[in-house]
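Residue strings, one per chain:
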Amino acid sequence: MILMPRLMAIALIAALSAPAVAQTTASEPAQPQVAPSTEADIPPSAEEQQMLVAVRKQWKAQGLGAMTPEQEAAMLRKFRQMRGNIAANMTMMRMAAGAGTAQPAAPAVAAAPIPPTTVATKHDYARPTTFSDPFAGFLVNGRSWVDPAGNPFAFSVGGGRYAYQMFAGNRTTGDMTYMIKSGQPGHYLVRSANANSPEAPVTIGTLVQTPANGWEFTPPEGGTVAGQSVFMLDDGLLMARVDTVFRYRPGAALQTIPLPPGFALFGNQRGDVGSTHVVAIFRAHGANHTVFHEFKSIAGKSEDSDLALFNIDTGQLFPLKRTVDDTLTNKMFDGYGNPIPSFYLWSIYWYATPDGPMAVAFEHDANEVVAIDLTNDRRVTLFSRSLGITEFHATQGPDGHVSVEASWMFKKHEAPDVGAILAGKAPVPTY
């Protein structure tokens, strides 16, 4: 369960006013002595320390002066009592809900950082899972996902029509990470769960939008990392700067992952970063280049590999035969609101599929559409035309398989199962 420090402070002070605290502490000697190793001897957890800080501030704000150690101890006892009552109520609600129709659990709010046992437990429920994007109602296995702590949501890329990057769901295991608003402007909670598990989601950290740094992430263990972009992963979170990414997984130390020399990270990612752990990067020309403030065109004539995919787990690089022209700024949409195919966001897709991770992308100045196996780098040209391909679209079906449709000369051409083509189980399209 998540107890927001400021709201909890107000509730505690209302429940245990200054006179009541004084009365409690005054009668303390008359109470039975607390034996060693009881709750009174348990040091405050990180969450409880945050609560005490908030209570002290709220106490002073109400003109009550500084809290005494006895008053803080009374507040801590009351906090633990209230937390226990809420946990018990939520357990009873889950038990009652279990008697009804099976559906994704309306999970209780987690109170503490993820212990190692909780993280391991998620994998006991690993099984194929279907997800919709958060803007389509956030359906998990065909049902609405409900989190009592708040509604999951995502920021959009491309006017809310095409790409979302504040949610990650693993179709193979059901592990997912998403964010919810915390009640303060620009403040969010990052939540982790398994879609098939009856266990409650847990909060694995907080995100704050800041004018100076873009994003600041603070995990339960403490410490803050800043980045211009943030991406959910199925097992944690990715904070990104132009040439470095930071990976956080509950229970593990923050990992720093430098990008290949000379490359920078795109501020928005079209593909499935969350499950594949693959990001799109490009060769940055010039010391003053910053991708987070200006998108550059990728429409040059050279065969240089200035665009690539990069696996943050293995360090494997998958170059694409595209060039980045820093002298031109490419728009995402034309005057009619349609995507401009040469813009990088519309020219490369990647997915986690039953056949393994794969990508589909433009190469050779949009003359070819290629499919890439992101495990062994096997490549197949799906479509090729010397006069250029107008556009292509990749789609992942509910079963996880990927199809591609390419267009030119007012005709559409389809590759119905890219995974089968890459594996040599289906022929390359003829046209």
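From a predicted model like this one, the values you see are computed outputs, not experimental measurements.

*Asks:* Would you take a moment to explain the packing of aromatic side chains for this structure?
*Replies:* Each pair of aromatic rings is reported with the distance of its centres and the angle of its planes. Tallied over the full model, the rule gives ten aromatic pairs. Geometrically, the ring pair formed by Phe 217 and Tyr 248 is tilted, given 5.3 Å between the ring centres and 55 degrees between the ring planes. Residue Phe 217 is located in strand 10 (residues 214–218), and its partner Tyr 248 is located in strand 14 (residues 244–248); the two are separated by 31 residues in the primary sequence. Under the relative-accessibility criterion, Phe 217 is labelled buried at 1%. Judged by relative accessible area, Tyr 248 falls into the buried class, the value being 5%.

*Asks:* Would you explain the sheet that holds strand 12 (residues 229–233) in this entry?
*Replies:* Pairing between sheet strands relies on hydrogen bonds along the backbone, with the strands arranged either parallel or antiparallel. Read from one edge of the open sheet, four strands run 12-13-14-15, paired in antiparallel fashion. Two strands in the sheet have a free side with no partner beyond their single neighbour: strand 12 and strand 15 (255–258). Taken pair by pair, the neighbouring strands of this sheet meet at an average axis angle of 20 degrees, ignoring direction. As judged from the four bridges shared by strand 14 and strand 15, these two strands associate in the antiparallel manner. Residue pairing for strand 15: Phe 246 is matched across the bridge by Thr 256.

*Asks:* Honestly, the pattern of salt bridges in this entry has me stumped. Any pointers?
*Replies:* Pairing between side chains of opposite charge can happen when the charged atoms of each approach one another. Here the structure, examined in full by the defined rule, presents seven salt bridges. Residue Asp 147 pairs with Arg 191 through a salt bridge whose shortest N-O separation is 2.9 Å. With Asp 147 in the loop between strand 2 (143–144) and strand 3 (152–153) and Arg 191 in strand 8 (residues 187–194), the pair connects residues that are 44 residues apart, well separated along the chain. Asp 147 gets classed as buried once you look at its relative accessible area, which sits at 4%. What makes Arg 191 buried here is its relative accessible area of 0%. The partner of Arg 379 in a salt bridge is Asp 377, with the nearest N and O atoms 3.0 Å apart.

*Asks:* What should I look at first to understand the sheet that holds strand 25 (residues 379–384) in this one?
*Replies:* In space, the four strands of this open sheet follow the order 22-23-24-25, with antiparallel pairing throughout. Edge positions in the sheet fall to strand 22 (348–351) and strand 25, since each has one partner strand and no second. Pairs of neighbouring strands in the sheet enclose a mean axial angle of 20 degrees, with direction left out of account. Across five bridges, strand 24 (residues 368–373) lies against strand 25 in antiparallel orientation. Considered in strand 25, the bridge of Ile 372 is made with Arg 379.

*Asks:* Teacher, can you tell me more about the nonpolar core here?
*Replies:* Nonpolar side chains tend to gather and get buried jointly when the protein is soluble and globular. Leu 309 and Trp 350 are the most contacted members of the largest nonpolar core, which totals 37 residues. For this core, the leading source of residues is strand 17 (residues 278–283), giving five residues.

*Asks:* Where do I start with the side chain of Asn 194 in this structure?
*Replies:* Note that Asn 194 resides in strand 8. Residue Asn 194 is classed as buried on the basis of its relative accessible area, which comes to 2%. Separated by 2.8 Å, the side chains of Asn 194 and Asp 175 make a polar contact.

*Asks:* Just to check I follow, could you spell out unusual backbone geometry for this structure?
*Replies:* Most peptide bonds take the trans form, and the phi angle of most residues other than glycine is negative. The phi torsion at Asn 141 lies on the positive side, around 55 degrees, for a residue other than glycine. Note on placement: Asn 141 falls in the loop between strand 1 (139–140) and strand 2. Judged by relative accessible area, Asn 141 falls into the partly exposed class, the value being 33%. Of note, the phi angle at Met 409 is positive, near 50 degrees, even though the residue is not glycine. Note on placement: Met 409 falls in the loop between strand 27 (402–408) and strand 28 (411–415).

About the criteria used
- Residues numbered from 1 in each chain as written.
- Predicted model: local features only at pLDDT ≥ 70, side-chain atom pairs only at ≥ 80, totals over all residues.
- Heavy atoms only, no water.
- Phe/Tyr/Trp six-rings, centres within 6.5 Å; stacked < 30°, edge-to-face > 60°.
- Helix = DSSP H or I, 4+ residues; strand = E, 2+ residues; numbered from the N terminus.
- Buried < 20%, exposed > 50% of the residue type's maximum accessible area, 1.4 Å probe, protein only.
- Pairing = 2+ DSSP bridges.
- Axes fitted to C-alpha atoms, helices over the stretch in contact; angles between N-to-C directions.
- Salt bridge = Lys/Arg side-chain N within 4 Å of Asp/Glu carboxyl O.
- Core = buried A, V, L, I, M, F, W, Y, C linked by side-chain atoms within 4.5 Å.
- Polar contact = N/O pair within 3.5 Å; in protein donor to acceptor, adjacent residues only side chain to side chain.

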